[in-house]
Structure formats: C-alpha cells, structure tokens
Amino acid sequence: PSEAVMVGDSLSYDIQGGINAGLAATFWVRSEDAASVSPSTGPQPTYTLNSILELEGLLLSGRAQNECISDQTEKAKGAQEVRTGE
C-alpha cells in the first residue's frame, strides 16, 4: 500500500477507499458534473485533477512521488510518536 495510489472520480468510494487502505496518495478526477464540487467536507484527496490527462504529467514530473514519500515519512513519524508517547 505504501507504493500504490488510487485514481478515481468518486470521493466517497474511490478516495475514501484509498485512504482506508493506507495508499501513498489519492488522485480525485473531477467529472464534468462535479466541476463545481470541492472536497471541503468528507474525504480529502492528495491531488485534485480536472482531467485524467493531467495524471501522466504529474507522475512523470516526480512531484507526486516526492510528496507521497514526504507524506509517508510524516505518517510514520506520527505513528512512532503515538507508540512512544513523544
């Protein structure tokens, strides 16, 4: 799970599922019907894309990978702090 991502168009099913599975990142692709929807409440995707065509560029740029690694490091640090009480 730490090296996998979820790409989907449903906040409640795809994005929440990716979060529940502990995946490295979630990419929410807004549908044309959801153009005005903002994930202000509910599951928070790591990235919001206006088109699936944006995904390749984001992944190839390394930006997503670097942010996912940073996020995983922060999650691990937080988990360690909880376990040790620090």
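Everything below is about the structure shown above.
Let us look at the structure shown here. Keep in mind that what you see is a predicted model, and the values were worked out from it rather than measured.

Reading guide: rules and limits
Residues numbered from 1 in each chain as written. Predicted model: local features only at pLDDT ≥ 70, side-chain atom pairs only at ≥ 80, totals over all residues. Heavy atoms only, no water. Pairing = 2+ DSSP bridges. Helix = DSSP H or I, 4+ residues; strand = E, 2+ residues; numbered from the N terminus. Axes fitted to C-alpha atoms, helices over the stretch in contact; angles between N-to-C directions. Contact = heavy atoms within 4.5 Å. Core = buried A, V, L, I, M, F, W, Y, C linked by side-chain atoms within 4.5 Å. Buried < 20%, exposed > 50% of the residue type's maximum accessible area, 1.4 Å probe, protein only.

**Considering the sheet that holds strand 2 (residues 25–29)**
Thought 1: Pairing in this open sheet of 3 strands is parallel, and the strands run 1-2-3 from one edge to the other. The open sheet has two free edges, formed respectively by strand 1 (5–8) and strand 3 (47–49), since each of these has just one partner strand. Looking at each pair of strands side by side, their axes are set apart by 15° on average, direction ignored.
Thought 2: As paired strands, strand 1 and strand 2 are joined by 4 bridges and run parallel to one another. The residue of strand 2 that forms the bridge with Val-5 is Ala-25.
Thought 3: In the packing of helix 1 (residues 11–20) onto the sheet, contacts are made with strand 1 and strand 2, and the angle to strand 2 comes to roughly 170°.
Thought 4: Across the face of the sheet, helix 2 (residues 53–61) comes into contact with strand 1, strand 2 and strand 3 while running at roughly 140° to strand 3.

**Brief notes about the nonpolar core**
Thought 1: Residues Ala-25, Phe-27, Val-29, Tyr-47, Leu-49, Leu-55 and Leu-58 constitute the largest nonpolar core, which totals 7 residues.
Thought 2: In contact with Leu-49, not counting residues within four places along its chain, are Phe-27, Trp-28, Val-29, Arg-30, Glu-54, Leu-55 and Leu-58.

All we've got here are geometric facts, nothing functional implied.
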